[in-house]
Amino acid sequence: GIWESIFGGGKEEQSSTSTSLSSSSSKKKKKKSDDNANEEVKQNRQGVLNLFTLLSTRYTSMEEKQQLAILFSLISKPELQPVKEIKGLLGEIDNGTIAEIQLEVEDVLGDSDISRDYFRLSSRQGGGFASSDAQVISIEPPAPLGDDYRPAKIQTIMKPTSRILRINVVDGGEGYPVAPDVIVKQSGVSRQCEAVAIIDRKGSVSEVIVLNPGFGYGGSTARGQPILPTVEFRERIFARQKKKKSNNGSSPKKVKPAKAVVELEYQVAGAAILDGGSGYSFDSPPDVKISLPATDPDWFVAPNIYGQSMDDDENQYIAARVTKIKRGGSGVILDTDAAMRGGIGQRVTRDILRTVLRDPVALLPPSVRPELSIDKGAAFYSIKSLPRPPSKDVILPSNYRSIDPLFGGIGRAPVTKNQVTLSADQYSRLALSGAICTVLVRTALNPLELVKTKVQLGNDEEIIQYAREKAGVKSESSQPEDKPALGTTQVIQSLIEVRGPLSLFQSADITFLASVVFGLFGFGATELFRRAFSAVFFDEAAAAANSPNEFVLLTAAGVATVLTCAAASPFELLRVRSMAQIENEGVKEIFDGFVDQNRQKRGMKTTSTSATAASVSSSAMVATKGLQLDDIKPFWSSFYPIVSRELPFAVTKFLVFDLAAGNIAGLINNSNMMGSDTKIQVGVGSAGLLLSAFSGALAGIAGAFVSHPADLILTLTSASSRQEGEDKDWKVIVKELLSSDGGVLNLYSGFPARAVFFFLVIGAQFFLYDYVKTLLEVGTDDLTLVLDVFYAIRQGL
């Protein structure tokens, strides 16, 4: 039993300790949670105050201030509502002046006669003051701030109660063997004051305690002031007899009499208004405070009523309040009781509600006025005639975060629209973004473009023959005389094996220059015309809509493509000629060779037509030193073929990209695949960039399919222009292709390589374009305008 008791006690002690630790941990968690909640409320309230400051700075007319008071009274949480600020607005609107202040004394004992005679509560009912306590009533200043509003000035009206407040010892005297009697003398007294003296060891009176203040002191006045009674310290008879005995018949020691003065009690009788002030509201009159005496009289005793002690320093049974306020403009005096009881504003009727519900921008009439209420000790304003929020849970649509009973659904995201007009700096950064992404992508994928060109022309016999031989070896079913189809991979492998890896970047220098021009004009001009056409041909709402009009998009892309082709024709012509070369040549050699070839065709030969390639190159370098207009014009000879290729490609590319990206984003957002609060946006964030890349890849395949016949004709036209003899017209080339075996399919020679090329090029291009735009601060987020109701306020407009 002992061991069980010991071990059992140990377990109980351990359990008690564990419970104590658990309770301590729980309290800490609860305190931390409460602190976080308080901090959140503090931040939310600060946001409301910031909003109030911005709006009140902007809207300054009386009608606008009335609307602001209505607006902020719709905040239903008292801890967030700016009650003081709303009161200030109402004070500015009313601009009232204090006209009357009344006192109210509480009937503590339940019987007014008894309560009036119960003097011991006097210091809690406006009494207990001395004549020196002149100002004990204070009034709250007006809520509005500024020099236009001034606080009221009042003077406390005091009157004597004819009771003794205290007796102050002036001279304690000496020689009193016992405390003397205290006699307060004045004629005409209704009830005698009762007081006792306290003496020290030396027989001096140190203090006088008033037990009963009496009544009827002060009597007639002298010059408006009551006449003070006198105080006599009367030595007691038995004390004198005791003194004689102690002195053994000798003369007793003379007592020096003490001296004291009386202070009469004063009480608050009213408040005289010296200046009514301004800026006070009718239905929220200012508080009037009556201060308690610094110390209670000796005779103060709190009664015990119904078994409850009233002895509390904070208990006060007298109050003062403003009962009448005068309107600042008209001078009409209003009763504050009536204003607070019935209200002075218009009620929200059904007709008003129907008007507001029909028109989302309609406002409540300015005559509607918020009313001050008290709930659980917290003051807040509300419009009581408005319908209350629904108490039951409401199923919200996906695009709403809450439902307001008056204004309807509140969206999850702010209102946004595209920025219609851009600055020259923004357009230049958009163009630079297009140039960077185009250069990076087309230079990196130059090998595919080179292979496509060699397959289309078939003039690099060494590589073509080598590739066919490899294909023939792999294709056992092919006849020796058959020419097996060439694949992109086979040609790339052949180039690497015969001429090395660097041969895949033949014409990379000219491709770089052409890509810069295509990127600068292609993307920058499209953005420019797209926004310009939207602003000219559509209203502002349609122009700034987040989903652009397809007609505007196609038109802008078409015009931008024509402009881009005009600027890029020389570079594209040189690029195709360079890729048509068997061996790589630099930009200058290709340029000089083209100029010399055209001069020869015009009869301006600088050397014999039978000269070797080296001599032609040497003479061309001499010829280019004196360039003429006729030397420049041929660089735009391929303008129409380039337009016929680029126009359908660009229009299809932008159209398919916008349709694909918009529909995919809408599908993902509507299905809440990324969560109800997260929406995918094209070009924004990782998901948005991946969407741009995928949509761009689809757009690349579509554009390549539509424009491939024109690309093939351009390649064959450019290749024929570098061969000796008469240039072939594009019509002749088309006729030859259609008349050959395969017919229309011949127009899609090399399409697989080009489709793969543009699948990668356009996908990577749009990905990089959106990414670089973000780096240069012209991305989708940067060019999206968010509805900001505070902009004009911050700008002081």
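Residues numbered from 1 in each chain as written. Predicted model: local features only at pLDDT ≥ 70, side-chain atom pairs only at ≥ 80, totals over all residues. Heavy atoms only, no water.

A. Representation of the overall build of the chain. Helices and strands together make up the secondary structure of the chain, namely 22 helices and 21 strands. A total of 797 residues make up the chain; the buried ones form 39% of that total. Look at the contacts in the chain between residues 6 or more apart in sequence, and 76% of them connect residues 24 or more apart. As presented, the chain carries roughly 44,100 Å² of accessible surface, and 56% of it is formed by carbon and sulfur atoms. (Helix = DSSP H or I, 4+ residues; strand = E, 2+ residues; numbered from the N terminus. Buried < 20%, exposed > 50% of the residue type's maximum accessible area, 1.4 Å probe, protein only. Contact = heavy atoms within 4.5 Å. Areas by Shrake-Rupley, 256 points an atom, 1.4 Å probe, with all protein chains shown as cover.)

B. Up close: the packing of helix H8 (residues 424–444) against helix H21 (residues 751–775). Close contact between H8 and H21 brings their axes to 8 Å; oriented N to C, the two are set at 140°. For the pair H8 and H21, the crossing hand works out as right-handed. Residues Leu430, Ser433, Gly434, Ile436, Cys437, Thr438, Leu440, Val441 and Arg442 of H8 form the contact with H21, whose own contacting residues are Leu760, Val761, Ala764, Gln765, Leu768, Tyr769, Val772 and Lys773. Of the residues that constitute the contact of H8 with H21, the class distribution is 11 nonpolar, four polar and two charged. (Axes fitted to C-alpha atoms, helices over the stretch in contact; angles between N-to-C directions. Left-handed = near helix turned anticlockwise from the far one by under 90°. Nonpolar A, V, L, I, M, F, W, Y, C, P; charged D, E, K, R; others polar.)

C. Up close: a nonpolar patch on the surface. A grouping of Ile701, Val756, Phe759 and Leu760 is seen on the molecular surface, where their side chains present a nonpolar patch of about 300 Å² in accessible area. It is H21 that contributes the most residues to the nonpolar patch, three residues altogether. (Patch = residues over 30% accessible without salt bridge, like charges linked within 9 Å, V, L, I, M, F, W, Y side chains within 5 Å. Salt bridge = Lys/Arg side-chain N within 4 Å of Asp/Glu carboxyl O.)

D. Spotlight on the pattern of salt bridges. Evaluation of the coordinates by the stated rule reveals 18 salt bridges. One salt-bridge network, in which partners are shared between bridges, spans Asp94, Asp283 and Arg369.

E. Here's a closer look at unusual backbone geometry. We note that asparagine 95 has phi near 50°; this positive angle belongs to a residue other than glycine. Mapped onto the fold, asparagine 95 is located in the loop between helix H3 (83–94) and strand S1 (97–105). Here asparagine 95 falls in the partly exposed class, since its relative accessible area comes to 28%. Not every positive phi belongs to a glycine, and glutamate 777 is a case in point at roughly 65°. Within the secondary structure, glutamate 777 is located in the loop between H21 and strand S21 (784–786).

F. Representation of the nonpolar core. Grouped together as the largest cluster of nonpolar side chains are 41 residues, with contacts concentrated most on Ile101, Ile164, Ile167 and Phe233. Counting residues per element, this core draws most heavily on strand S10 (residues 259–275), which supplies six residues. Aside from chain neighbours lying at most four places away, what touches isoleucine 101 is Ile139, Ile154, Ala271, Ile273, Val288, Ala320, Arg321, Val322 and Thr323. Residues Tyr427, Ala557, Phe649 and Phe758 belong to the second largest nonpolar core, which totals 26 residues. (Core = buried A, V, L, I, M, F, W, Y, C linked by side-chain atoms within 4.5 Å.)

G. The arrangement of the packing of helix H2 (residues 62–73) against H3 in detail. Where H2 contacts H3, the axes come no closer than 9 Å and their chain directions differ by 155°. In terms of orientation, H2 and H3 fall into the roughly antiparallel class. H3 is crossed by H2, and the crossing has left-handed handedness. Contacts between H2 and H3 involve Met62, Lys65, Gln66, Leu68, Ala69, Phe72 and Ser73 on the former and, on the latter, Ile86, Leu89, Leu90, Glu92 and Ile93. Considering only residue class, the contact of H2 with H3 consists of eight nonpolar, two polar and two charged. (Parallel < 35°, antiparallel > 145°, perpendicular 65-115°, else oblique.)

H. Looking closely at the pairing of strand S17 (residues 378–382). In this structure, strand S16 (residues 371–375) lies alongside S17, joined through five bridges in antiparallel fashion. Looking across to S17, one finds that serine 373 is bridged to phenylalanine 380. In textbook terms, the turn of a hairpin is the stretch between consecutive antiparallel strands, and for S16 and S17 this stretch comprises two residues, one of which, lysine 376, has a positive phi near 55°. (Pairing = 2+ DSSP bridges.)

I. Broad picture of empty space enclosed by the protein. Counted by the stated rule, this structure contains three cavities of 30 Å³ or more. Computed from the structure, the largest cavity encloses a volume of approximately 310 Å³. Every residue lining the largest cavity is counted, 26 residues in all, and those nearest its centre are Arg442, Phe518, Glu646, Phe649 and Lys653. Of all the secondary structure elements, the ones that give two or more residues to the lining of the largest cavity are H8, helix H12 (508–537), helix H14 (550–580), helix H18 (639–670) and H21. Residue classes in the lining of the largest cavity are distributed as 10 nonpolar, seven polar and nine charged. If you add up the space inside the second largest cavity, you get close to 60 Å³. Taken together, 13 residues make up the lining of the second largest cavity; nearest its centre are Lys87, Pro142, Ala143, Tyr280 and Ser284. (1 Å grid on protein atoms, 1.4 Å probe; cavity = no way out; pocket = protein on both sides within 12 Å on 5 of 7 lines; lining within 4 Å. Points joined across faces, edges and corners; volume = space filled by probe spheres on them.)

J. The arrangement of helix H7 (residues 350–358) in detail. Of all the residues in H7, the buried ones are Ile352, Leu353 and Val356. Down the axis of H7, the buried set is contained in an arc of 100°. They therefore lie on one face. Away from its buried face by more than 90 degrees, H7 exposes Arg350 and Arg358. (Arc of directions from axis to C-beta.)

K. Representation of the confidence of the model for the chain in the model. Here the chain averages 76 in pLDDT, while 74% of its residues score no lower than 70. Residue range residues 539–547 is modelled with pLDDT below 50. Its contacts to residues more than four positions away, or to other chains, number 12 contacts. A low-confidence stretch, residues 605–624 stays under pLDDT 50, and its non-local contacts, those more than four residues away or across chains, total 20 contacts. (pLDDT = per-residue confidence, 0-100.)

L. Structural view of the pairing of strand S5 (residues 194–199). Judged from the six bridges that link them, S5 and strand S6 (residues 205–212) form a sheet pairing that is antiparallel. Counterpart to valine 196 in the pairing with S6 is isoleucine 209. In this antiparallel pair of consecutive strands, S5 and S6, the connection spans five residues, and glycine 203 shows a positive phi of 80°.

M. Main features of the side chain of threonine 438. Within the secondary structure, threonine 438 sits in helix H8. With near-sequence residues (within four places) excluded, threonine 438 lies in contact with Thr443, Ser515, Gly519, Phe523 and Gln765.

N. Examining H3 more closely. The terminal C-alpha atoms of H3, which comprises 12 residues, lie 16 Å apart, in line with the 16 Å expected from a rise of 1.5 Å per residue. Within the sequence span of H3, burial applies to Val83, Ile86, Lys87, Gly88, Leu89, Leu90, Gly91, Glu92, Ile93 and Asp94. Taken from the residues just after H3, asparagine 95 is the one with a positive phi, measuring 50°. (Expected span 1.5 Å × (residues − 1).)

O. Local environment of the side chain of glutamine 81. Within the secondary structure, glutamine 81 is located in the loop between H2 and H3. The buried category is assigned to glutamine 81, whose relative accessible area is 1%. At 2.9 Å, the side chain of glutamine 81 and the backbone oxygen of isoleucine 75 are in polar contact. Within the structure, glutamine 81 has its side chain in polar contact with the backbone nitrogen of tyrosine 381 (distance 2.5 Å). Look past the residues within four positions of glutamine 81 in its chain and what remains in contact with it is Arg45, Phe72, Ser73, Ile75, Ile86, Phe380 and Tyr381. (Polar contact = N/O pair within 3.5 Å; in protein donor to acceptor, adjacent residues only side chain to side chain.)

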